[in-house]
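Each chain is listed here by its residues.
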Amino acid sequence: MKYDFDAVINRRNTRSYKWDQSEKLFGDKDIMPLWVADMDFESPPAVKEAILRRVEEGVYGYSVSSEPYKEAITSWFKRRHDWNIQPEWMTDSPGIVTSLSLAVELYSEPGGEVIVQSPVYYPFYDVINMNGRKVAKNPLILQNGRYEMDYDQLEGLMKGGAKLLLLCSPHNPGGRVWEREELLKLGELCLAYGVTVISDEIHCDLTLSGHTHYPFASLSEELANITLTTLAATKTFNLPGIQTSFIVASNPDLKRKFDMRLKTLSLHMAHYFAPDAVQAAYNEGDEWLDELLVYISGNVDYAISYMSEHLPQVKVMRPEATYLLWIDCRGLNRDINGLKQLMFKEAKVAFSEGSVFGSEGEGYLRINLACPRSILQEALERFSEAANHSL
Ligand SMILES: Cc1ncc(COP(=O)(O)O)c(C=O)c1O
């Protein structure tokens, strides 16, 4: 390996959302944080170099993005996902959740229903509820240890009038990489009932070996026409603090509305550092990402075998993508508060508590595996020892 993902970087006292809030959020500063989805790894060296070059300029005035930045994005998606994105389909946005929220506001009516497939990334609920829309839940079906879509119930929601769907692809939590056929079946329903799709594909580059991510909008022109895709380099290359993302919409009406709203809120200016960082990541980050995925797969294998040996009451869902491990802790017989007590008070670890992803996540925890193996090892030891102690 060229990159050392085993290196432990001390992130405390860096104003890290993940590392510097344990006391405030969980009651003890020594709690190990394996919750919010950022990585404890350095970004690819080319990213740091690009930012340093920009820092050296010293004048941090209003900034525009550039053609090479757009080319870096389009060639990455061609190279890695066989998707031909035209530069005119793209618009930058400060963050994916910002884009999701704008899309909900723009493409659904006040009080209208918006479909989500639960359990799902919790801001999906916020952007629907806080925009005065209603969550229409299509709970995923747990089949042979992995999640599948419930097409009958989905059709029922569409028949009932839901006109917008938030797709999480790959899915967080649970790590499903939706297969081409699954997406096509979903797409057929959306086309039949006039449903617009917001496809959040932030985890697309974190697809693990043996699986292929299909961008929903790449499957056909008809599907592209009803879809706005939200994308970012931030999850892939660990740049979320830089706060940058982009949308892809080939349908000019969807895009025009989105661009107009972004302008209205004055969110359309380029970030001073982001385009250079993203361009460097996409142009020079392939090797780093390939090695990262090998390391993450190693962490997945490690966690699965550790849990089966030391805490077999917990069932682990093997992710097909993402660095997030979704574990079914119902065998520990703890309610939501009991699981929090176990993590924060007894084990001194912070995983994400499952019910925030929807009531279907009750009894589950989500572990962020994007950390050096030694940290993962210690967190799993703490957790399984505490859990075994009270069994
Ligand atoms: C599915 C999904 N969408 C969006 C985000 C966050 O995107 P952003 O930081 O650009 O708002 C995350 C972060 O974990 C995520 O898992």
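On a predicted model such as this, the values are computed, not experimentally measured, just so you know. (Residues numbered from 1 in each chain as written. Predicted model: local features only at pLDDT ≥ 70, side-chain atom pairs only at ≥ 80, totals over all residues. Heavy atoms only, no water.)

Neighbouring the ligand are the residues A37, G95, I96, V97, Y121, C168, N172, D200, I202, H203 and K235. Contact between the ligand and N172: an oxygen atom at 2.8 Å from a side-chain N or O atom of the residue. One of the side-chain nitrogen or oxygen atoms of D200 is found 2.5 Å away from a nitrogen atom of the ligand. Out of a free accessible area of 390 Å², the ligand has 85% covered by protein chains. (Near = heavy atom within 4 Å. Polar contact = N/O pair within 3.5 Å; in protein donor to acceptor, adjacent residues only side chain to side chain. Areas by Shrake-Rupley, 256 points an atom, 1.4 Å probe, with all protein chains shown as cover.)

The bulk of non-glycine residues show a negative phi, and the bulk of peptide bonds are trans. Of note, the bond from S169 into P170 is cis; its omega dihedral lies within 30 degrees of zero at -10 degrees. For N238, which is not a glycine, the phi torsion comes out positive at approximately 60 degrees. Inspection of the secondary structure puts N238 in the loop between β9 (227-231) and β10 (245-248). (Helix = DSSP H or I, 4+ residues; strand = E, 2+ residues; numbered from the N terminus.)

This part takes up the sheet that holds strand β4 (residues 134-137). Strand order in this open sheet of seven strands is β2-β10-β9-β8-β7-β3-β4, and the pairing throughout is mixed. One side of each edge strand has no neighbouring strand; the edge strands of this open sheet are β2 (90-93) and β4. Averaged over all adjacent pairs, the angle separating strand axes in this sheet is 25 degrees, with direction ignored. As judged from the two bridges shared by strand β3 (residues 113-116) and strand β7 (residues 164-168), these two strands associate in the parallel manner. Following the sheet pairing, V114 is matched in β7 by L164. Packing against the sheet, helix α4 (residues 96-107) makes contact with β2, β3, β7, β8 (196-200), β9 and β10, and its axis sits at approximately 175 degrees to β8. (Pairing = 2+ DSSP bridges. Axes fitted to C-alpha atoms, helices over the stretch in contact; angles between N-to-C directions. Contact = heavy atoms within 4.5 Å.)

Further remarks concern the UniProt feature "domain: Aminotransferase class I/classII large" (unreviewed entry) in the protein. In the numbering used here, UniProt assigns the "domain: Aminotransferase class I/classII large" (unreviewed entry) feature to residues 30-383. In this annotation, residues 30-383 is assigned 42% helix and 16% strand; the end-to-end C-alpha distance for the span is 14 Å. (UniProt positions renumbered as here; feature names shortened; annotations may be inferred.)

Once that is clear, we can look at the packing of helix α3 (residues 67-81) against helix α10 (residues 274-284). Between α3 and α10, the shortest axis-to-axis distance is 9 Å and the interhelical angle comes to 30 degrees. Remark: the crossing between α3 and α10 carries left-handed chirality. When α3 is examined against α10, the residues P68, Y69, A72, I73, S75, W76, F77 and R79 are found in contact with a partner set consisting of P275, V278, Q279, A281, Y282 and N283. Here the contact of α3 with α10 is built from residues that sort into ten nonpolar, three polar and one charged. (Left-handed = near helix turned anticlockwise from the far one by under 90°. Nonpolar A, V, L, I, M, F, W, Y, C, P; charged D, E, K, R; others polar.)

Enumeration according to the criterion identifies 24 aromatic pairs in this entry. Their ring planes at 80 degrees and their centres at 5.2 Å tell us that Y272 and F273 sit as a pair that is edge-to-face. Exposure remark for Y272: the relative accessible area of 12% places this residue in the buried category. Every member of this aromatic cluster is reached through a ring pair, and the members are F5, F41, W76, F77, W83, F237, F246, Y282, W288 and Y295. Note that R180 overlies the ring of Y214, its terminal NZ or CZ placed 5.8 Å from the centroid. Stacked on the ring of Y295, the Lys or Arg R373 has its end atom at 4.6 Å from the ring centre. (Phe/Tyr/Trp six-rings, centres within 6.5 Å; stacked < 30°, edge-to-face > 60°. Buried < 20%, exposed > 50% of the residue type's maximum accessible area, 1.4 Å probe, protein only. Lys NZ or Arg CZ within 6 Å of the ring centre and 35° of its normal.)

With that settled, consider the state of the cysteines. Per the counting criterion, the structure on display carries zero disulfides. For C204, which is in no disulfide, the shortest distance to another cysteine sulfur is to C168 and amounts to 11 Å. C204 gets classed as buried once you look at its relative accessible area, which sits at 3%. A disulfide-free cysteine, C371 has its sulfur positioned 17 Å from the sulfur of C329, the nearest such atom. Accessibility expressed as a relative area gives 1% for C371, which makes it buried. (Disulfide = S-S within 2.5 Å.)

Let's shift gears to helix α7 (residues 180-193). When the terminal C-alpha atoms of α7 are compared, their 20 Å separation across 14 residues agrees well with the 20 Å that a helix rising 1.5 Å per residue should span. Of all the residues in α7, the buried ones are E182, L183, L186, G187, L189 and C190. The buried residues of α7 occupy an angular sector of 160 degrees when projected down its axis, which confines them to one face. Exposed residues lying more than 90 degrees from the buried face of α7 are E181, E188 and A192. Considering only its buried residues, α7 is in contact with α6 (151-159), β7, β8 and α8 (221-225). Looking one or two residues past α7, G194 carries a phi angle of roughly 65 degrees, positive in sign. (Expected span 1.5 Å × (residues − 1). Arc of directions from axis to C-beta.)

Another point: the side chain of Q117. Following the sequence through the fold, Q117 ends up in the loop between β3 and α5 (123-129). Since its relative accessible area comes to 3%, Q117 is described here as buried.

The topology assignment puts M39 in the loop between β1 (32-33) and α2 (45-57). The buried category is assigned to M39, whose relative accessible area is 1%. For the pair formed by M39 and I202, sequence separation is 163 residues and the distance between their alpha carbons is 14 Å. Aside from chain neighbours lying at most four places away, what touches M39 is R11, K18, K235, T236, N238, W288, L292, Y323 and A370.

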